[in-house]
Amino acid sequence: MTSTASDLPPELRAVVEPTAMRLVLDRRGSTVWEVQTNKGRLAVKLGYPAGPQHGYTALAPAREATVLHGLGRTDVSYGTWDRGTWNVQPWWDGDDLWRLWEPFRATETAAEAPDYSTAASCARALDDLHAHGWVHGDVQPAHFVIGAQTRLIDLALARGGDVPSLYDFPFPGCLVHYEAPEIARSVLATGTATPTPASDVYALGASLLISATGKRVVPYADDAEREVQRQAVVDGERRDFALPGVFGETVTAMLCHDPAQRPTVAEVCEVLEAASLA
């Protein structure tokens with residue numbers, strides 16, 4: 001079993017010079033801290049191999065940093081340590097979409113009043129990424145930070161520009177709850193896939209659905225193997241879910257099994273922004 005990285009390595013501590021630290025995320029292959037420094041708060045990500053078949057997680061922080069550099073960000077640094085790579089970037093205040101929409105999941109009728117302005121801001125953040133020539137590849141509720149503005153984070157799997165070969169790796173798929181059928185099909189067949197704007201739209205629709213209702217698009221056992229989950233997505237069986245009005249119509253269109261029939265994220269923005277003003 002691969003152990004987690006339980007602390008920042010000394011060379012990274014020397015870079016950020018923390019005055020206080022809070023562990024935010026500790027999962028196989030990645031740890032994330034909120035770090036207070038004399039120059040402000042930082043998000044610090046540390047990657048290491050999640051297992052023999054998941055060595056790419058060690059490269060993910062550096063890969064994300066190079067993507068952010070490709071998007072013109074100059075406030076992100078990265079480097080290596082003896083088990084992988086790290087990056088350091090500004091800390092963004094806000095709640096993620098899942099936490100922010102908890103009240104919608106609190107009662108049976110909560111989804112009758114979707115928060116169009118928040119949904120529109122998430123769509124706009126994704127549209128901005130697409131406008132810069134990148135697809136995210138890992139859209140999920142936890143990756144929208146909604147504060148003074150809505151930010152789309154965690155771009156380690158993004159595709160669309162040059163990434164140094166030293167830190168690059170084939171797209172491994174993402175969390176199956178948000179994986180479009182064509183992505184799941186390709187990962188099952190070849191072990192990798194090519195995320196597209198259409199697969200990002202599907203993932204955004206799945207994120208809006210689960211955040212508003214607590215329901216995944218496709219029914220499968222929580223403890224099912226990834227292959228079983230992906231096959232269920234490919235097979236196309238859907239849960240019954242009823243979302244009201246324009247919100248329901250838009251999410252249903254975003255979750256269309258055929259990627260060619262999904263709206264673009266720009267079209268989603270237009271609809272949700274108009275609904276937020278109605």
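None of the values given here were measured: they were computed from a predicted structure.

**Student:** I'm lost on the nonpolar core in this one. Help?
**Tutor:** A general feature of soluble globular proteins is that nonpolar side chains tend to end up buried together. By size, the foremost hydrophobic cluster in this structure holds 60 residues, and its most contacted members are Trp 101, Phe 144, Tyr 202, Leu 204, Leu 208 and Phe 247. Contributing elements (two or more residues each) for this core: α2 (60–70), α4 (116–131), β7 (144–146), α5 (181–190), α6 (197–213), α7 (226–235), α8 (245–254) and α9 (265–277). Looking at which element gives the most residues to this core, the answer is α6, with nine residues. Apart from residues lying up to four places away in sequence, Leu 204 is in contact with Cys 122, Ala 123, Leu 126, Val 139, Phe 144, Met 254 and Val 265.

**Student:** Looking at this structure, I do not really get unusual backbone geometry. What am I missing?
**Tutor:** Backbone geometry follows two general trends: most residues other than glycine have a negative phi, and most peptide bonds adopt the trans configuration. With a phi close to 50°, Glu 17 is a non-glycine residue in the positive phi region. With respect to the helices, strands and loops of the structure, Glu 17 is situated in the loop between α1 (10–16) and β1 (20–27). Residues other than glycine seldom take positive phi values, yet Asp 154 does so here, at roughly 60°. In this structure, Asp 154 sits in the loop between β8 (150–152) and α5.

**Student:** Is there a simple way to think about α9 in this case?
**Tutor:** Every α-helix carries 3.6 residues per turn, so stepping three or four residues along brings you back to the same face. For α9, with 13 residues, the first-to-last C-alpha span of 18 Å sits near the 18 Å given by 1.5 Å per residue. For α9, the complete set of buried residues consists of Val 265, Val 268, Cys 269, Leu 272 and Ala 275. The buried residues of α9 occupy one face: seen down the axis, they fall within an arc of 140°. Across α9 from its buried face, at more than 90 degrees, point the exposed residues Glu 270 and Leu 277. Contacts made by the buried residues of α9 are with α4, α6 and α8.

**Student:** Is there a simple way to explain the pairing of strand β3 (residues 40–47) in this structure?
**Tutor:** Look at any regular strand and the pattern is simple: side chains alternate between the two faces of the sheet. Extensive coverage of β3 is indicated by the burial of six of its eight residues. A loop of two residues connects strand β2 (residues 30–37) with β3, the two strands running antiparallel in sequence.

Cut-offs and rules
Residues numbered from 1 in each chain as written. Predicted model: local features only at pLDDT ≥ 70, side-chain atom pairs only at ≥ 80, totals over all residues. Heavy atoms only, no water. Core = buried A, V, L, I, M, F, W, Y, C linked by side-chain atoms within 4.5 Å. Buried < 20%, exposed > 50% of the residue type's maximum accessible area, 1.4 Å probe, protein only. Helix = DSSP H or I, 4+ residues; strand = E, 2+ residues; numbered from the N terminus. Contact = heavy atoms within 4.5 Å. Expected span 1.5 Å × (residues − 1). Arc of directions from axis to C-beta. Pairing = 2+ DSSP bridges.

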